[in-house]
Amino acid sequence: MCGMPQQPPVRSTPTRASRPDASMSLLTNVMDHSLDDGYAEAAARKKASGDGGMPKTLRAKLGLAAGLVLAALVVTVGAAQARVAAPAVAKEREELIDRIDRETEGADKLADSVDKLRDDVSARQREALKKTGASDRTELLGLLAGATEVRGPGVKLVVDDAKETTSEGGGDPRETSGFSDTGRVRDRDMQRVVNGLWESGAEAVSINGQRLTTLSAIRAAGDAILVDNKPLVPPYTVLAVGDGNGLSTRFQNGADGLYLHALQENFGIRTAISAEDDLRLPAAPSVTVRTAQPKTEKGTS
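Small disclaimer: the values here were computed from a predicted structure and weren't measured.

Enquirer: Mind showing me how you'd approach the pattern of salt bridges here?
Expert: When the charged atoms of two side chains lie near each other, side chains of opposite charge can form a pair. Inspection of the entire model under this criterion finds 5 salt bridges. Asp160 is the partner of Arg270 in a salt bridge, and the nearest nitrogen-oxygen pair spans 3.3 Å. Of this pair, Arg270 sits in strand β8 (residues 270–281) while Asp160 sits in strand β1 (residues 150–160); the two residues are 110 residues apart in sequence, bridging distant segments of the chain. Owing to a relative accessible area of 17%, Asp160 belongs among the buried residues under this scheme. For the salt bridge of Arg192 with Asp256, the shortest nitrogen-to-oxygen distance reads 3.0 Å.

Next up, the structure:
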């Protein structure tokens, strides 16, 4: 049996062994020489200058402590100054309150003096007019002008803001323009109320004790209503002397009464009206008599 000649196995020539990390020689070099000459020189300069003797964390802590001490010092000085100034402020406040009280007392005395003088003038006028027979006419003019106190039957009308209305303007149910912009009673509302009462036959009208005359003005200053430049606060109590039941009926059925009813129904304005048997309205604080003077021009043909 002849077979094929066998060939000896081929053996590779042994080669030189290589390092397993030969491909990472650059990284190895960096790791072995992480601190080069430049870093070493910078560290030496820092040590020579004396900065290296204190860790950064310690310097930061000392800086924070110094800042806290300074802040505490400022607060302490401010508190001390406030304690020193507090008595002076309290003293000024007390002096201001005392001054207001004195001025208010003086104003009350002047008002009483005005009332006494008005009564004296009225009495003298009546005595003088009795001699001329014009007393009744003068009393009627004084009544209509608001110069005299009035007493008699009439109507009491109370008008107030909507319940959800606040002084900051929040919760106003009236948000559109025109007459219905807030849930607060406005000066134009009171103007219509007063004009409606005059038109319905009222002989004398007052709002919150402020007597109205033919020269009275109802205006607004912000959210406040002014009557003859005197501020009023809600609720607004309107007293009108006249035929009580008839005056109430005519007003409620008139255009201004319907206007007020619309404010109540649609925007929450609160109203209440009632006929009264006996109302007392004060005289106006001051009545300025104005008369027309003829104008003459000299030198004209």
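Enquirer: Sorry if this is basic, but what is going on with a negative patch on the surface here?
Expert: There is a patch of like negative charges on the surface, built from Glu92, Glu94, Glu95, Asp98 and Asp101. Inspection of the secondary structure assignment puts Glu95 in helix α3 (residues 56–130). Given a relative accessible area of 45%, Glu95 falls into the partly exposed group.

Enquirer: Can you walk me through the environment of Val205 in this structure?
Expert: You can see Val205 is positioned in strand β2 (residues 204–207). Not counting residues up to four positions away in its chain, the partners in contact with Val205 are Val194, Trp198, Gln210, Arg211, Leu212, Val238, Leu239, Ala240 and Leu281.

Enquirer: When you look at the sheet that holds β8 in this model, what are you seeing that I'm missing?
Expert: Either a parallel or an antiparallel arrangement is found when strands of a sheet pair, and the pairing is made through backbone hydrogen bonds. A sheet is described by the order of its strands in space; here 5 strands give the open sequence β3-β2-β7-β1-β8, paired in antiparallel fashion. Only two strands of the sheet have a single neighbouring strand rather than two, namely β3 (210–211) and β8. Sheet analysis places β1 next to β8, joined by 10 bridges and oriented antiparallel. In the strand pairing of β8, Arg151 is matched with Arg280.

Enquirer: Looking at this model, I keep getting lost on the packing of helix α5 (residues 187–199) against helix α7 (residues 255–267). Mind explaining?
Expert: Helix packing geometry: the angle between the two helix axes and the distance between the axes. At a minimum axis distance of 8 Å, the contact between α5 and α7 shows a crossing angle of 145°. You can see that α5 and α7 cross each other, and the crossing is left-handed. Contacts between α5 and α7 pair Asp189, Arg192, Val193, Asn195, Gly196 and Glu199 from the former with Ala255, Asp256, Tyr259, Leu260 and Leu263 from the latter.

Enquirer: Would you explain the pairing of strand β5 (residues 224–227) in this entry?
Expert: Look at any regular strand and the pattern is simple: side chains alternate between the two faces of the sheet. Two strands pair when backbone bridges link them, and strand β4 (residues 218–221) and β5 are joined in this way by 4 bridges, in the antiparallel orientation. Residue pairing across strands places Arg219 opposite Leu226, the latter belonging to β5. Bridging between β5 and strand β6 (residues 230–232) involves 3 bridges; their strand directions are antiparallel. In the strand pairing of β6, Leu226 is matched with Pro231.

Enquirer: Explain the packing of helix α6 (residues 244–253) against α7 to me, please; I cannot follow it from the model alone.
Expert: Where α6 meets α7, the closest approach of the two axes is 4 Å, and the angle between their N-to-C directions is 70°. Classed by the angle they form, the pair α6 and α7 counts as roughly perpendicular. On the side of α6, the interface is formed by Phe251, Gln252 and Asn253, while α7 contributes Ala255, Asp256, Gly257, Leu258 and Leu260. Classifying every residue of the contact of α6 with α7 gives 4 nonpolar, 3 polar and 1 charged.

Criteria and cut-off values
Residues numbered from 1 in each chain as written. Predicted model: local features only at pLDDT ≥ 70, side-chain atom pairs only at ≥ 80, totals over all residues. Heavy atoms only, no water. Salt bridge = Lys/Arg side-chain N within 4 Å of Asp/Glu carboxyl O. Helix = DSSP H or I, 4+ residues; strand = E, 2+ residues; numbered from the N terminus. Buried < 20%, exposed > 50% of the residue type's maximum accessible area, 1.4 Å probe, protein only. Patch = residues over 30% accessible without salt bridge, like charges linked within 9 Å, V, L, I, M, F, W, Y side chains within 5 Å. Areas by Shrake-Rupley, 256 points an atom, 1.4 Å probe, with all protein chains shown as cover. Lys, Arg positive; Asp, Glu negative; His and termini not counted. Charge placed at Lys NZ, Arg CZ, Asp CG, Glu CD. Contact = heavy atoms within 4.5 Å. Pairing = 2+ DSSP bridges. Axes fitted to C-alpha atoms, helices over the stretch in contact; angles between N-to-C directions. Left-handed = near helix turned anticlockwise from the far one by under 90°. Parallel < 35°, antiparallel > 145°, perpendicular 65-115°, else oblique. Nonpolar A, V, L, I, M, F, W, Y, C, P; charged D, E, K, R; others polar.

Geometric values such as these leave the question of function open.
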